[in-house]
Amino acid sequence: MGVLNLRPGDRFLEPCRGDLLDEEGAPLPTIFNLMPLPDERKDWCELRQGVDYLEADLGCGVYDLIVTNPPFSLTEAFIRKSLKELKPDGTLIYLQRVNFLGTAKRVPFWAEVGFPDKTPVLVPRPRFVRGGTDSCEYCW
């Protein structure tokens, strides 16, 4: 996962833990399992295991770190909820397509929640030759 500056008292949440299995049916490691914190400092949700993140009452401002790979179609709802559950100095990490950040239809969403300060993608896409554009996302 790279370098995370975890503190001993940090609380972690994985809203979409997943339940992937390998070819022999053994569970594959999840972010939850790989997070180097004691289990009592970690929480998870997973719809296929009966815990719907969007319906779960997890409290406000309780997590120092939230990491997930949400369903693409529900990402906005997940981010809104996660921002309420994240501590003011917390870290939110979502695995998502770059084009999720760059589509013009999400400009109002980013205006509402704040654009990620560590992912400077140009929205809308720059215009090039003769006012046209292409299907690539651009970032600084």
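Check the entry above for the structure.
Residues numbered from 1 in each chain as written. Predicted model: local features only at pLDDT ≥ 70, side-chain atom pairs only at ≥ 80, totals over all residues. Heavy atoms only, no water.

### With respect to the pattern of salt bridges
For step 1, the next point in the chain: On inspection of all chains with the given rule, the structure shows eleven salt bridges.
For step 2, the next point in the chain: Residues Arg80 and Glu76 are paired through a salt bridge, measuring 3.8 Å at the closest nitrogen-oxygen approach. A residue pair is termed a helical-turn pair when its members lie 3 or 4 positions apart in one helix, as Arg80 and Glu76 do in helix H2 (residues 75-85) at four residues. (Salt bridge = Lys/Arg side-chain N within 4 Å of Asp/Glu carboxyl O. Helix = DSSP H or I, 4+ residues; strand = E, 2+ residues; numbered from the N terminus.)

### Section: the nonpolar core
For step 1, the next point in the chain: Within the largest apolar cluster, 15 residues are counted, with the highest numbers of intra-cluster contacts made by Ile79 and Trp110.
For step 2, the next point in the chain: Of all elements in the fold, only strand S3 (63-68), H2, strand S4 (86-94), helix H3 (98-102) and helix H4 (107-113) reach the threshold of two or more residues within this core.
For step 3, the next point in the chain: Once residues within four sequence positions are removed from consideration, Trp110 is found in contact with Ile79, Phe100, Leu101, Phe115 and Pro116.
For step 4, the next point in the chain: By size, the runner-up hydrophobic cluster in this structure holds six residues, among which are Phe12, Phe32, Leu37 and Val67. (Core = buried A, V, L, I, M, F, W, Y, C linked by side-chain atoms within 4.5 Å. Buried < 20%, exposed > 50% of the residue type's maximum accessible area, 1.4 Å probe, protein only. Contact = heavy atoms within 4.5 Å.)

Functional significance is not addressed by these values, which are geometric in nature.
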